[in-house]
Amino acid sequence: MTRRIVAAVGVTLILTAASFGPWVKSIELFSLGTNEVRFCAPVADGEEIVLSFTHSVNRRPVYDTLRIEGDSLVIVKSRFDAFGAGMPESSTDQGTFRVLPDGGLEWTVNRVVPEIVVRVGRVAGHTLQIRGREIALADLAEPGDAVRFRVERYCLFQLMKGGCLW
């Protein structure tokens, strides 16, 4: 009888630790305007997500690829199809520019950052592409609101109570 009680207590402690310990690495979108998490999704090292938008000057699409690495994000590259103000046009010590076989343009950076802050555009149509899903940032935060992307660790309980994409 005592062994069963000890075993039950042990299993309960393990399940509690698993449920409430911050074990699950997630990408988090935090609204700086409302001070709340608007979106999160579990991620793995090496997983890539894409933040896309319409460029404000040339009105053409831009696709920024971000990779999860440890507790940081890596700005991997930007892909676009037309030049405009603020768009790279040649290789520098900060990145490599190349024309792709399909005529697309790519700026490879591979810069590690702790977070990325984006102001949700009123016209830009910012979207997050993750695991085959496309999520409009304007559905998560008000246009004009600044949002922060970063890697956070969540416990299973936090993920299950809502707001996180599985």
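What counts and what doesn't
- Residues numbered from 1 in each chain as written.
- Predicted model: local features only at pLDDT ≥ 70, side-chain atom pairs only at ≥ 80, totals over all residues.
- Heavy atoms only, no water.
- Core = buried A, V, L, I, M, F, W, Y, C linked by side-chain atoms within 4.5 Å.
- Buried < 20%, exposed > 50% of the residue type's maximum accessible area, 1.4 Å probe, protein only.
- Helix = DSSP H or I, 4+ residues; strand = E, 2+ residues; numbered from the N terminus.
- Contact = heavy atoms within 4.5 Å.
- pLDDT = per-residue confidence, 0-100.
- Pairing = 2+ DSSP bridges.
- Polar contact = N/O pair within 3.5 Å; in protein donor to acceptor, adjacent residues only side chain to side chain.

Student: Sorry, what's going on with the nonpolar core here?
Tutor: Side chains of a nonpolar character, in soluble globular proteins, are inclined to be buried together. By size, the foremost hydrophobic cluster in this structure holds 23 residues, and its most contacted members are Ile 27, Phe 39, Leu 73, Ile 130, Leu 137, Val 147 and Phe 149. Elements with a contribution of two residues or more to this core: strand S1 (24-31), strand S2 (36-42), strand S3 (48-54), strand S4 (61-69), strand S8 (115-119), strand S9 (127-130) and strand S11 (146-154). The element contributing the most residues to this core is S11, with 3 residues. Phe 149 has contacts with Ile 27, Glu 28, Leu 29, Leu 51, Leu 73, Glu 115, Ile 116, Val 118, Leu 128 and Leu 137, leaving out every residue within four places of it along the chain.

Student: Just checking my understanding: could you explain the confidence of the model for the chain for this structure?
Tutor: The predicted coordinates of low-pLDDT regions are not to be read in fine detail. The predicted model of the chain averages 82 in pLDDT, with 79% of residues at 70 or higher. Note on residues 9-13: pLDDT under 50 across the span, and 0 contacts to partners over four residues away in sequence or across chains. Below a pLDDT of 50 lies the segment residues 15-19, which in the model reaches 7 contacts outside its immediate sequence neighbourhood of four places, other chains included.

Student: It is not clear to me how the pairing of strand S10 (residues 133-136) should be interpreted in this structure. Could you clarify?
Tutor: Strand residues, when the strand is regular, have side chains that alternate between the two faces of the sheet. Bridging between S9 and S10 involves 4 bridges; their strand directions are antiparallel. For Gln 129, the partnering residue across the bridge sits in S10 and is Glu 134. Between the antiparallel neighbours S9 and S10 lie 2 residues, among them Arg 131 with a positive phi of about 50 degrees.

Student: Can you walk me through the side chain of Ser 78 in this structure?
Tutor: The residue Ser 78 is located in strand S5 (residues 72-80) in this model. The class of Ser 78 is buried, set by a relative accessible area of 14%. Within the local environment of Ser 78, its side chain forms a polar contact with the side chain of Asp 64, the two groups lying 2.4 Å apart. When residues no more than four places from it in sequence are discounted, the contact partners of Ser 78 are Tyr 63, Asp 64, Leu 105, Glu 106 and Trp 107.

Student: Explanation requested: the environment of Asp 71 in the structure shown.
Tutor: Locating Asp 71 in the fold gives a position in the loop between S4 and S5. Judged by its relative accessible area of 46%, Asp 71 is partly exposed. Between the C-alpha atoms of Asp 71 and Pro 114, which are 43 residues apart in sequence, the distance is 7.5 Å. Setting aside residues no more than four positions away along its own chain, Asp 71 makes contact with Lys 25, Val 151 and Arg 153. At 3.2 Å, the side chain of Asp 71 forms a polar contact with the side chain of Arg 153.

Student: I keep staring at the environment of Ala 141 and nothing clicks. Help me out?
Tutor: Tracing the sequence through the fold places Ala 141 in the loop between S10 and S11. Ala 141 gets classed as buried once you look at its relative accessible area, which sits at 8%. Residues Ala 141 and Gly 33, 108 residues apart in the sequence, show an inter-C-alpha distance of 8.6 Å. Non-local contacts of Ala 141, meaning those with residues more than four positions away in its chain, are made with Val 120 and Val 147.

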